[in-house]
Amino acid sequence: MHLADLLTLGARPAAGLLLALTDRCPLACAHCSTASTMAAAQSPGEPFRRLVDSFEPDCRPELILMSGGEPLLRPGLVAELTASAARVGTGAALLSGMFFARGGAGLPPAVRRAVAGLAHFAASLDAQHEREVGRAEVFGALAAVLDLVPAVSLHITALPGAGPDPYVDGLVAEVRRRFGARVPMLVSAVRPTGRARGLLPAPTPGGGDPGPCEFAHWPLVDQDGTVLACTRQSLLRGGGPAHLVLGHAARDPWRTLSGRTLGDPLLRSVRTLGPIGTRRRHGPPAEPGCAPDACRNCLALTPATAARAAEGLGTPEGRRMERAVLALTAARAPRRLAVARGALPGYADLVELGWAG
Ligand code: SF4
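Residues numbered from 1 in each chain as written. Predicted model: local features only at pLDDT ≥ 70, side-chain atom pairs only at ≥ 80, totals over all residues. Heavy atoms only, no water.

Undergrad: Looking at this structure, I do not really get the overall build of the protein. What am I missing?
TA: Along the protein, the regular secondary structure elements total 14 helices and nine strands. Projected onto its principal axes, the C-alpha coordinates of the protein cover approximately 60 × 45 × 40 Å. For the protein, with 357 residues in total, the buried portion stands at 52%. With the model as given, the accessible surface of the protein reaches about 15,000 Å², and the carbon-plus-sulfur share is 57%. For the protein, the separation between the mean place of its 38 positive charges and that of its 30 negative charges on side chains is 2 Å. (Helix = DSSP H or I, 4+ residues; strand = E, 2+ residues; numbered from the N terminus. Buried < 20%, exposed > 50% of the residue type's maximum accessible area, 1.4 Å probe, protein only. Areas by Shrake-Rupley, 256 points an atom, 1.4 Å probe, with all protein chains shown as cover. Lys, Arg positive; Asp, Glu negative; His and termini not counted. Charge placed at Lys NZ, Arg CZ, Asp CG, Glu CD.)

Right under this line is the structure:
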C-alpha cells in the first residue's frame, strides 16, 4: 500500500486502527513525541491480540498501523498481529525508528520475519534520528526491507522555520538518488510534544479555526490497551476526557469500537464542524479572551455538547453537512490530506512519489 493510499485511507472514519505496541525505544531522539526510553511502560500483548482477533470479515478495518515507541522491539507480536489481521483481509503497516540498522549488519532474523507480511513499512529519518542511527545504515536496512515489503516510505521531521530547510533538501535529494521514486516521503514539522518540548519555543495557542479535525478518524490503542478516539496520542497520555476514550482493547471488540467511532455525536461533530465550530454551536461557552486553540476546545467539550450535537446532526441539514464534509475530505489529493495532518506544504508532493494514482 503506497503512502498516498495510506493517507487517503486515513480520511475515512474507522478505516484503520493505530496500535501503539510499546512506549519503549532504544534510541534517544531529541524530538521524540512520546518521550520513549527503554525504561518506559510496556504492557502484555494480550489486549492487542484480542482486539485484532475480534475483526470479522464483514466488520474490520482495512489496515492496522503499528507504532510505539518502537514496535519492532516486539517482532513476535508484530508478526502475530499481522497474521491475525490478514485472516480477514486486513492489511498491516508499521512505523519504525530503525534501531536495528545500527552497526549495518543487515536485518536481524526476527525483524525480517516481522516485516515480511507488511503492506507498508515506514521509517523515520531526520536530523535528530541521524544522531542515533547513521544515514548510510538506515539506507542499507531500507534497501533490504524493499526486497520484502511492497511499499516503503520515509517520515522526516523538520524544525519549524520559514522557507526551505537545507538539511531536508539534502536528505530528499540523496533519497531520490539512491531509491529513485520507490521511497515517497512525508515531511512534517516537529510538534511541541514529548521530548520535542525542549527543542521548541513554548506554543502560542490560537491561529484561527482549522475546521474539521483530521485526527479523529481512526481509533488508537495506547500501550496499556486504552482505546482513544484521537490519534494525537501524546495529547491524551494518562487518560483523556471521557469523550475521547472509546473503550479498552481487553474487553471491547472491533464491532463495538468502530460503532462508537462512527456513531458518537461528539466525534461526528468534531469531524464535521471541527472542535471550535462544535463548541461555538453547541457549547460550553468559551472563556472570554481565550485564544481559539483547537485541541483545548476539543478537550473542553461535555456530555451536554454531545446531546446538542446529536440533535444538530439528526436534522436534514446536519445530515447533509456531515455527508458533504466527509465526501470533500475523502476526495482530497493525498498531498492535501498530508498538509491537513501537519506536513510541510513545500514538500507535500513527495508523498505521491511513484504513486500510480
Ligand atoms: S481536536 Fe485535538 S484533541 Fe480533538 S480529536 Fe482533534 S487532535 Fe484530538
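Undergrad: Quick question: what am I supposed to make of the side chain of His120 here?
TA: In this structure, His120 sits in strand 4 (residues 120-124). Discounting chain neighbours no more than four positions away, the residues touching His120 are Met1, His2, Leu3, Leu6, Ala92, Ala93, Leu94, Val149, Ala151, Val152 and Ser153. (Contact = heavy atoms within 4.5 Å.)

Undergrad: I would appreciate a short explanation of the packing of helix 2 (residues 46-53) against helix 3 (residues 75-86) in the present structure.
TA: When two helices pack together, their arrangement is captured by the angle between the axes and the distance separating the axes. At a minimum axis distance of 9 Å, the contact between helix 2 and helix 3 shows a crossing angle of 15°. Accordingly, the angle class assigned to the pair helix 2 and helix 3 is roughly parallel. Here helix 2 and helix 3 pass one another in a crossing that is right-handed. Judged by residue contacts, Phe48, Arg49, Val52 and Asp53 of helix 2 engage Leu77, Glu80, Leu81, Ser84 and Ala85 from helix 3. Classifying every residue of the contact of helix 2 with helix 3 by side-chain character gives five nonpolar, one polar and three charged. (Axes fitted to C-alpha atoms, helices over the stretch in contact; angles between N-to-C directions. Parallel < 35°, antiparallel > 145°, perpendicular 65-115°, else oblique. Left-handed = near helix turned anticlockwise from the far one by under 90°. Nonpolar A, V, L, I, M, F, W, Y, C, P; charged D, E, K, R; others polar.)

Undergrad: What should I look at first to understand the packing of aromatic side chains in this one?
TA: Ring pairs (aromatic) are described by centroid distance and by the angle formed between their planes. Enumeration over the complete set of coordinates arrives at three aromatic pairs. Sitting over the ring of Phe215, Arg232 keeps its end group 5.6 Å from the ring centre. (Phe/Tyr/Trp six-rings, centres within 6.5 Å; stacked < 30°, edge-to-face > 60°. Lys NZ or Arg CZ within 6 Å of the ring centre and 35° of its normal.)

Undergrad: Explain the site of the ligand to me, please; I cannot follow it from the model alone.
TA: Residues in contact with the ligand, as listed here, are Cys213, Phe215, Ala216, Cys230, Arg232, Leu235, Leu244, Pro275, Cys295 and Cys298. Among the residues forming the shell around the ligand, the class breakdown is nine nonpolar, no polar and one charged. (Near = heavy atom within 4 Å.)

Undergrad: It is not clear to me how the pairing of strand 6 (residues 185-189) should be interpreted in this structure. Could you clarify?
TA: A regular strand carries its side chains on alternate faces of the sheet. Burial analysis of strand 6 places four of its five residues in the buried class, the great majority of the element. For strand 5 (residues 152-158) and strand 6, the ladder comprises five bridges, and the chain directions are parallel. Paired with Thr157 across the bridge in strand 6 is Ser188. (Pairing = 2+ DSSP bridges.)

Undergrad: Got a minute to help me understand the sheet that holds strand 4 in this structure?
TA: Within a beta sheet, neighbouring strands are joined by backbone hydrogen bonds and run either parallel or antiparallel to one another. With mixed pairing, nine strands are arranged side by side in an open sheet as 6-5-4-3-2-1-7-8-9. Each edge of the sheet is formed by a strand with only one pairing partner; in this case those strands are strand 6 and strand 9 (245-248). Taken together, the two bridges between strand 7 (residues 220-221) and strand 8 (residues 226-228) define a ladder with antiparallel strand orientation. Directly across from Leu220, in strand 8, lies its bridge partner Leu228. Set on the sheet, helix 2 makes contact with strand 1 (16-20), strand 7 and strand 9; between it and strand 1 the angle comes to about 170°.

Undergrad: Would you take a moment to explain the pattern of salt bridges for this structure?
TA: Note that side chains of opposite charge can pair when their charged atoms are close. Applying the stated criterion across every chain, the model contains 15 salt bridges. Across the pair Arg49 and Glu80 runs a salt bridge whose closest N-O atoms are separated by 2.6 Å. In this pair, Arg49 sits in helix 2 while Glu80 sits in helix 3, placing the two residues 31 residues apart along the sequence. Between Asp252 and Arg251 there is a salt bridge whose closest N-O contact spans 3.5 Å. Asp252 gets classed as buried once you look at its relative accessible area, which sits at 10%. (Salt bridge = Lys/Arg side-chain N within 4 Å of Asp/Glu carboxyl O.)

Undergrad: When you look at helix 2 in this model, what are you seeing that I'm missing?
TA: Since one α-helical turn is 3.6 residues long, residues separated by three or four positions face the same way. Listed in full, the buried residues belonging to helix 2 are Pro47, Phe48, Leu51 and Val52. Looking straight down helix 2, one finds its buried side chains confined to an arc of 125°; they lie on one side. For helix 2, the secondary structure elements touched by its buried residues are strand 1, helix 3, strand 7, strand 9 and helix 8 (254-263). (Arc of directions from axis to C-beta.)

Undergrad: For this particular structure, what's the right way to read the pairing of strand 5?
TA: Most of strand 5 is tucked away, with six of its seven residues classed as buried. Of the pairings in the sheet, the one linking strand 4 to strand 5 comprises four bridges and is parallel in character. Paired with Ala122 across the strands is Ser153, a residue of strand 5.

Undergrad: Would you mind going over the domain arrangement of the protein with me for this structure?
TA: In terms of domains, the protein is made up of domain 1 (3-253 + 333-352) and domain 2 (262-330). The C-alpha-based centres of domain 1 and domain 2 are spaced at 27 Å. Counting from both sides, the interface comprises 24 residues of domain 1 and, opposite them, 25 residues of domain 2. A combined buried area of about 1,800 Å² lies between domain 1 and domain 2, and 72% of that area is made up of carbon and sulfur atoms. (Domains from an automatic or database assignment. Buried area = accessible area lost by both parts, 1.4 Å probe.)

Undergrad: What am I meant to see in the nonpolar core here?
TA: The nonpolar side chains of soluble globular proteins are, as a tendency, buried together. In terms of nonpolar packing, the biggest core is built from 87 residues, with Leu19, Met66, Leu72 and Phe121 touching the most fellow members. Ranked by residues supplied to this core, first place goes to helix 6 (residues 135-146) with seven residues. Three or more residues apiece are contributed to this core by two domains, here domain 1 (3-253 + 333-352) and domain 2 (262-330). Sequence-distant contacts of Phe121, defined by excluding residues within four places in its chain, comprise Leu72, Leu94, Ser96, Met98, Phe100, Val115, Leu142, Val145, Val149, Ala151, Val152 and Ser153. (Core = buried A, V, L, I, M, F, W, Y, C linked by side-chain atoms within 4.5 Å.)

Undergrad: Hey, could you run me through the environment of Ala340 in this one?
TA: If you trace the backbone, Ala340 turns up in helix 14 (residues 334-340). Discounting chain neighbours no more than four positions away, the residues touching Ala340 are Glu214 and Arg332.

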